[in-house]
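Results of the structural survey
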Amino acid sequence: MLYQRMDPSRTTSSDEGSPLTSLPSDLTAYEQLVSDVGERIATYKPRDPNDRTVAILEAFSKYLPREGRDNFYEDILGCNAQEELKSLGDHLYTAILLPMKAHGKTPAPTPSPQFGAETRVEEIAGDIAASSRNQQRWLKKACLARDGNRCMLTGVYDGLESLKLPATELSDLKIGDTELVHIIPFALAMFGPNEVQQASIIWDAIYRYFPSLLSRLNFSTDNINDTCNAMTLNSGLHAPFGRFSFALEPTSHGNEYLLRRYRRFPTFFDPLLPDNGIMKFTAHHPSHRLPHPTLLETHASIAKILHMSGMGEYIENLLRERELIGCLANDGSTDIKALLMVY
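No experiment lies behind these values; they were computed from the predicted model shown. (Residues numbered from 1 in each chain as written. Predicted model: local features only at pLDDT ≥ 70, side-chain atom pairs only at ≥ 80, totals over all residues. Heavy atoms only, no water.)

Quick look at the overall build of the chain
Tallying secondary structure elements over the chain gives 13 helices and 7 strands in all. Across the 343 residues that make up the chain, the buried fraction comes to 50%. Within the chain, residue pairs in contact and separated by at least 24 positions form 73% of the contacts whose partners lie at least 6 positions apart. Accessible area of the chain: about 16500 Å², with a carbon and sulfur share of 50%. (Helix = DSSP H or I, 4+ residues; strand = E, 2+ residues; numbered from the N terminus. Buried < 20%, exposed > 50% of the residue type's maximum accessible area, 1.4 Å probe, protein only. Contact = heavy atoms within 4.5 Å. Areas by Shrake-Rupley, 256 points an atom, 1.4 Å probe, with all protein chains shown as cover.)

Focus: the environment of His238
Its place among the elements puts His238 in helix H10 (residues 235–242). It is 8.0 Å that separates the C-alpha atoms of His238 and Leu180, two residues lying 58 residues apart in sequence. Once you skip the residues sitting within four places of it in the chain, His238 turns out to touch Glu179, Leu180 and Val181.

Considering the pattern of salt bridges
Opposite charge on two side chains permits them to pair, given that their charged atoms come into close proximity. Following the criterion strictly, the structure yields 18 salt bridges and no others. With a shortest N-O distance of 3.2 Å, Glu161 and Lys164 are connected by a salt bridge. Using a relative accessible area of 17% as the deciding quantity, one classes Glu161 as buried. One salt bridge connects Lys304 with Glu249, and the closest N-O pair in it is separated by 3.1 Å. Highlighted residues: Lys304 in helix H11 (residues 293–309) and Glu249 in strand E5 (residues 246–250), separated in sequence by 55 residues. Its relative accessible area of 23% is what places Lys304 among the partly exposed residues. Looking at Glu249, the relative accessible area reads 14%, which means it is buried. A cluster of three or more residues bridged by salt bridges with shared partners is formed by Lys101, Arg263, Arg264, Glu313 and Glu316. (Salt bridge = Lys/Arg side-chain N within 4 Å of Asp/Glu carboxyl O.)

Brief notes about unusual backbone geometry
Of note in the backbone geometry, Asn218 takes a positive phi value of approximately 50 degrees without being a glycine. Topologically, Asn218 is positioned in the loop between helix H9 (212–215) and strand E4 (230–234). Despite not being glycine, Arg264 shows a phi value in the positive range, around 70 degrees. Along the chain, Arg264 falls in the loop between strand E6 (256–261) and strand E7 (278–280). You can call Arg264 partly exposed: its relative accessible area is 42%.

Observations regarding the sheet that holds E7
Read across the open sheet, the 3 strands follow the order E5-E6-E7; overall the sheet is antiparallel. The two strands at the open ends of the sheet, each matched to only one other strand, are E5 and E7. Adjacent strand axes in the sheet meet at a mean angle of 35 degrees when their direction is disregarded. Bridge count for E6 against E7 is 3 bridges, and the pairing is antiparallel. Across the sheet, the residue bridging to Glu256 is Lys280, located in E7. (Pairing = 2+ DSSP bridges. Axes fitted to C-alpha atoms, helices over the stretch in contact; angles between N-to-C directions.)

Some points on H10
Turning to H10, its buried residues are Leu237, Pro240, Phe241 and Gly242. Looking at the buried side of H10, the elements it contacts are helix H4 (82–102), strand E3 (178–182), E4, E5 and H11. Near the N-terminus of H10, the side chain that reaches the backbone nitrogen of Gly236, with its oxygen 2.9 Å away, is that of Asn234. Just past H10, the residue Phe244 takes up positive phi, approximately 65 degrees. (Polar contact = N/O pair within 3.5 Å; in protein donor to acceptor, adjacent residues only side chain to side chain.)

A few points about the layout of surface pockets
Quantified by volume, the largest pocket comes out at close to 670 Å³. What lines the largest pocket is a set of 27 residues, among which Lys101, His103, Ala239, Gly242 and Arg243 lie closest to the centre. Counting only elements with at least two residues in the lining of the largest pocket, the list comes to H4, E3, H10 and helix H12 (311–323). For the lining of the largest pocket, a count of residues per class yields 12 nonpolar, 6 polar and 9 charged. (1 Å grid on protein atoms, 1.4 Å probe; cavity = no way out; pocket = protein on both sides within 12 Å on 5 of 7 lines; lining within 4 Å. Points joined across faces, edges and corners; volume = space filled by probe spheres on them. Nonpolar A, V, L, I, M, F, W, Y, C, P; charged D, E, K, R; others polar.)

Topic: the packing of aromatic side chains
Throughout the structure, instances matching the rule amount to 12 aromatic pairs. Where Phe72 meets Tyr209, the ring centres are 6.3 Å apart and the plane angle is 70 degrees; that geometry is what we call edge-to-face. Within this pair, whereas Phe72 is found in helix H3 (residues 66–77), its partner Tyr209 is found in helix H8 (residues 196–209), the two being separated by 137 residues in sequence. In this structure, Arg66 is placed above the aromatic ring of Tyr30, and the distance from its NZ or CZ to the ring centre is 4.1 Å. (Phe/Tyr/Trp six-rings, centres within 6.5 Å; stacked < 30°, edge-to-face > 60°. Lys NZ or Arg CZ within 6 Å of the ring centre and 35° of its normal.)

Observations concerning H12
Spanning 13 residues, H12 covers 18 Å between terminal C-alpha atoms, matching the ideal 18 Å at 1.5 Å per step. What H12 keeps buried is the set Met311, Gly312, Tyr314, Ile315, Glu316, Leu318 and Leu319. (Expected span 1.5 Å × (residues − 1).)

As structure tokens, this is what we get:
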């Protein structure tokens, strides 16, 4: 089995030598823990104006789901030196933020400085398997059937499927192109034989800070093409979702989500969206699962981290410069080291 399944009743790692044997359940003690973590992050002294370690660590501390946040607190308090804090920040950036945002266009991720991480990575590497695009056509058809041939957000009817309808049913339809959209990027399951170690570090980081993916779903590369990880969206919403320009936060009601808009959200679609931002998903085909709230919660948490830390815009700028690498700034201001990191 890929990676040791976590006990859902536990919220922290029990690695020998861990700085925390258990996290406090008492509210006052937990508040003290949060304060200690904040103080430990505040001890970090940036190496230069481009050092974003503090912004990354603070955003993860604030916006991770509770289980992942507890693991993060443990890792922060296990960092007893500036270099360890820097390594943890680099790990979070290269193993989570870059792969999620750049969809696989990333360098080898920085290993985690956390005790026991190397063993976990080895376990994953022994069992991880790359996925392929062979299932994409089936998945697109399955999601269209489940979603009633419509974009799950705007209700726009798929153009190709509309050709199968009689003319009498077309007059009241809004018709447009739709695309299959993965929640956890498909690129995370695409790697060659020489990239297994790199992929394993990424998946270990995802499981460490989003443990519900494992404890609730046993989610891995094996089921990245499951309908629970896919949506039918209008073509114009595919790229914005992938760059985290919007997210869907689970509410207390089943299959109901709050639409969160961020920088570069295409306001062109606003007239097609509910004013209160509440999206309700309905399955039109019983055999195909709706998007799972844990996966959408993961996407929503990463969206907050990217935007609140400023790393979303930072990565977009790097990718833009990557496309224009032949046009480096004449004043030498291009961050060559960071730019090379997304190759």
